[in-house]
Amino acid sequence: MSSEFVHSVKVPRLYKVVAKIAREVRENGGSLKSLLYKQEHPNVSGIYSLCLNILQQEAQLDHLISKINLMVNEPRLDVWLAKALITELLWGKKTLKSNCKPVKTILSYEKQLKKELINIANEKLQPSIKTVKKARYVRINTLILQLKDGISHFQEEGWSLLPRCSSYKQHLNAVKSLKYPNFIQDFHIPELLVFPADTNFYDYPGYQNGEIILQDKASCLPTLLLNPRPESVVLDMCAAPGMKLSHLAAIMKNKGKVYAVEIDQSRYLTLCRQVEVADASCVKTINKDALTLKADELPNLEYILVDPSCSGSGMLDRKLIPNEEKSTPERLKKLQTFQVFLLRHALLNFPKVKRVVYSTCSIHPEENEQVVDEVLENVGNAYKLVPVRKLLKEDWLNFSSKEYKCSDNCLYAISDVDLCNGFFVAVFERNFKVPLPKYNKIGNSTVNEKKKGQDTKENQRKRNFKVPLPKYNKIGNSTVNEKKKGQDTKENQESNLKKNDQRNRKKRSIRKKATDNENVSPKRKANNKTVQNNNYMPAMKKRKKK
Ligand SMILES: C[S@@+](CC[C@H](N)C(=O)[O-])C[C@H]1O[C@@H](n2cnc3c(N)ncnc32)[C@H](O)[C@@H]1O
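Residues numbered from 1 in each chain as written. Predicted model: local features only at pLDDT ≥ 70, side-chain atom pairs only at ≥ 80, totals over all residues. Heavy atoms only, no water.

Novice: For this particular structure, what's the right way to read the overall build of the protein?
Specialist: Within the protein one finds 22 helices and 13 strands. Buried positions account for 53% of the 546 residues belonging to the protein. A separation threshold of at least 6 residues defines the contact pool for the protein, and within that pool the share at least 24 residues apart is 74%. As displayed, the protein has an accessible area near 25,500 Å², and 50% of this comes from carbon and sulfur atoms. (Helix = DSSP H or I, 4+ residues; strand = E, 2+ residues; numbered from the N terminus. Buried < 20%, exposed > 50% of the residue type's maximum accessible area, 1.4 Å probe, protein only. Contact = heavy atoms within 4.5 Å. Areas by Shrake-Rupley, 256 points an atom, 1.4 Å probe, with all protein chains shown as cover.)

Novice: What should I look at first to understand the site of the ligand in this one?
Specialist: In the neighbourhood of the ligand, 20 residues make up the surrounding shell, with E262, R267, D289, A290 and D307 lying closest. A distance of 2.9 Å separates an oxygen atom of the ligand from a polar side-chain atom of K244. Across the complex, the protein chains shield 93% of the 610 Å² of accessible surface that the ligand would expose by itself. Considering only residue class, the shell around the ligand consists of eleven nonpolar, two polar and seven charged. (Near = heavy atom within 4 Å. Polar contact = N/O pair within 3.5 Å; in protein donor to acceptor, adjacent residues only side chain to side chain. Nonpolar A, V, L, I, M, F, W, Y, C, P; charged D, E, K, R; others polar.)

Novice: How should I be thinking about the confidence of the model for the protein in this particular structure?
Specialist: Keep in mind that low pLDDT regions are not for reading the predicted coordinates in detail. Confidence in the prediction of the protein, expressed as mean pLDDT, is 80, and 74% of residues score 70 or more. Per-residue pLDDT stays below 50 along residues 1-5; that stretch engages in 15 contacts with residues further than four places along the chain or on separate chains. What the predictor reports for the complex is a pTM of 0.68 with an ipTM of 0.99. (pLDDT = per-residue confidence, 0-100.)

Novice: It is not clear to me how helix 9 (residues 147-156) should be interpreted in this structure. Could you clarify?
Specialist: Residue pairs three or four apart in sequence face the same way in an α-helix, which turns once every 3.6 residues. All buried positions along helix 9 are accounted for by D149, G150, I151, H153 and F154. Immediately beyond the C-terminal end of helix 9, within one or two residues, lies G158, with a positive phi of roughly 110°.

Novice: What's the story with the pairing of strand 4 (residues 192-195) in this structure? I'm lost.
Specialist: Sheet faces and side chains relate simply in a regular strand, where the side chains alternate between the two faces. Here strand 4 shows no split at all, with L192 and V194 on one side and L193 and F195 on the other all buried. With four bridges connecting them, strand 1 (residues 136-140) and strand 4 associate as antiparallel partners. Each bridged residue has a counterpart across the sheet, and for V138 the counterpart in strand 4 is L193. Pairing geometry for strand 3 (residues 182-185) and strand 4, over two bridges, is antiparallel. Across the sheet, the residue bridging to Q185 is L193, located in strand 4. (Pairing = 2+ DSSP bridges.)

Novice: What should I look at first to understand the packing of helix 3 (residues 44-56) against helix 6 (residues 79-90) in this one?
Specialist: Relative placement of two packed helices is described by the angle separating their axes and the distance separating the axes. As a packed pair, helix 3 and helix 6 sit with axes 9 Å apart at the nearest point and diverge in direction by 100°. Comparing the axis directions of helix 3 and helix 6 gives the class roughly perpendicular. On helix 6, the residues touching L50, N53 and I54 of helix 3 are W80, K83, A84, T87 and E88. The class makeup of the residues in the contact of helix 3 with helix 6 is four nonpolar, two polar and two charged. (Axes fitted to C-alpha atoms, helices over the stretch in contact; angles between N-to-C directions. Parallel < 35°, antiparallel > 145°, perpendicular 65-115°, else oblique.)

Novice: Can you help me understand the pattern of salt bridges in this one?
Specialist: Should the charged atoms of two oppositely charged side chains come close, the side chains can pair. Counting across every chain of the model gives 16 salt bridges. Where E302 meets K354, a salt bridge forms, and the shortest distance between an N and an O atom there is 3.4 Å. With E302 in the loop between strand 8 (283-286) and strand 9 (303-306) and K354 in the loop between helix 16 (329-348) and strand 10 (355-360), this residue pair connects regions lying 52 residues apart in the sequence. Its relative accessible area of 30% is what places K354 among the partly exposed residues. With a closest N to O distance of 3.0 Å, R389 and D408 form a salt bridge. A residue pair is termed long-range when its members are at least 10 positions apart, and R389 in helix 18 (residues 388-391) and D408 in the loop between helix 18 and strand 12 (411-413) qualify at 19 residues. Classification of R389 by relative accessible area gives partly exposed; the value is 28%. On the accessibility criterion, D408 (19% relative accessible area) is buried. Residues participating in the shared-partner salt-bridge network are E58, D62 and K83. (Salt bridge = Lys/Arg side-chain N within 4 Å of Asp/Glu carboxyl O.)

Novice: What is the right way to read the nonpolar core from this model?
Specialist: One recurring pattern in soluble globular proteins: nonpolar side chains tend to sit buried together. The biggest cluster of nonpolar side chains holds 55 residues, and the ones touching the most others in it are V258, V283, W396 and L411. Once you skip the residues sitting within four places of it in the chain, V258 turns out to touch V234, L245, L248, M252, C282, V283 and K284. In this structure, Y15, I21, L50 and L61 belong to the second largest nonpolar core, which totals 42 residues. (Core = buried A, V, L, I, M, F, W, Y, C linked by side-chain atoms within 4.5 Å.)

Novice: What exactly am I supposed to notice about the packing of aromatic side chains here?
Specialist: Two numbers describe a pair of aromatic rings. These are the distance of the centres and the angle of the planes. Inspection of every chain in the model, using the stated rule, returns 15 aromatic pairs. Relative to Y180, the ring of W159 has its centre 4.7 Å away and its plane inclined at 75°; by these criteria the two rings are edge-to-face. Of the two residues, W159 sits in the loop between helix 9 and strand 2 (160-161) while Y180 sits in the loop between helix 10 (168-176) and strand 3, which places them 21 residues apart along the sequence. Between the aromatic rings of Y168 and W396, the centroid separation amounts to 5.1 Å while the plane-to-plane angle is 15°, which identifies the pairing as stacked. Here Y168 is found in helix 10, whereas its partner W396 is found in the loop between helix 18 and strand 12, with 228 residues between them in sequence. The pair Y168 / W396 is uniform in exposure class, with both members buried. Here the aromatic cluster, defined as three or more aromatic residues joined through ring pairs, consists of F154, W159, Y180, F183, F195, F201 and Y204. (Phe/Tyr/Trp six-rings, centres within 6.5 Å; stacked < 30°, edge-to-face > 60°.)

Take a look at the structure:
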């Protein structure tokens, strides 16, 4: 076989992106999700799924590549591109549709690869990582497609809808034994359809068009529990990539307003694309730090979703990637500090808000019960925790630990039990009879009385609510709050405040320039390219009449 590669036909961009990300994760220890959002590729889920597959099958891939002498015979072939193409051929779509040279090369080894794969199975080579099965969830985006039309579409494709169950336990048993051609509506979220675990919908025209959204059940729970009524005003403090956001817009039937805030520039662009594709016209996207938001920027705000960055320890997919960042106690502590800050900001800075939902895709109490407990101390009786058990009419199985002050009032989704990602949700409801504690005074007595005397860096920050967390995205490394070394005297605090005010004013004017164009053409900027590249496929079924 020739070792000269003629690049007359381009390698499909998806495979190039997948190869680049997989290499970065494996060779430089990058985080799969962060790398994904930097790519600005419309098919985020497709790329994610293929990358995950490569990383999971890496032991077999290395074995196969060495058995067929691929890199010896084809020294100019990029090994990561080869891994991406082989993965697609053997475990993905099982076909490669392109005439580019690397694809032709891999196809010329197809027979050998398949033969060696059978040998691997016979040799009982252990897969890189044990595969964890969960159901495949498909949310019908009711902003575009009516639920009944979505269901009919799948039925016309040969799928058969099982009757809904009368209890959650029965439903879980039905999901556990789901097999093609059966699917079922979710017990709690009717617009969420549940299919057997291995079903793949990434190529579905309806997925490309935003008519269906591939969203795990766990990720729909916070929005289900926030449950804003249509015409209300909602803030999604940490919005990208926009899964919960588009569900919020659907719950509100695109009536009212949802402010979607995201600090990270590349994730913000993904968010704008998701808003456009999902047709979430009631959303206003804002690219800024949620900690700097003020009540008067968001008039009549009633509901807030706080879904901050977390360790992601509940995400089944993440558990499948060897060597991904681990939840060390130090990392959890830093995440917790940020989570407390953000939740407290949501609860104490927006006086008209009546409900706040806090959620994480973590199963660590450090990011869940401990955060809620700490913030409960600050809010006093101005907010109460609503027992989720009641909201879900007793039809839920796992709750927060009674060892904590929040007791069993919050929800846990446990993968093995609930057949979705691990998740935590707490619902706070405002008691308007009690005024909000004064939060923005230095030395505020409502903050963490217990820790008086221990003048830790964290306590200094807690007392000083006006000062935003420095460099949000460096959480998890040592740059956070480095500057506050030394004594925390009142003088120091006041001078810090002044410095921060000046810094904030400067930042605001820079950001204003950057975000002003968001008012001019918020979505076009991010989406035009995507929509054109997306090759809009034909719709699944009748579009919902507007
Ligand atoms: C767990 S993800 C949110 C997932 C999202 N709610 C969804 O359902 O698709 C957390 C997001 O918060 C963003 N973030 C972190 N700190 C932030 C801050 N201070 N202000 C706004 N966004 C922030 C991160 O960049 C990340 O995109």
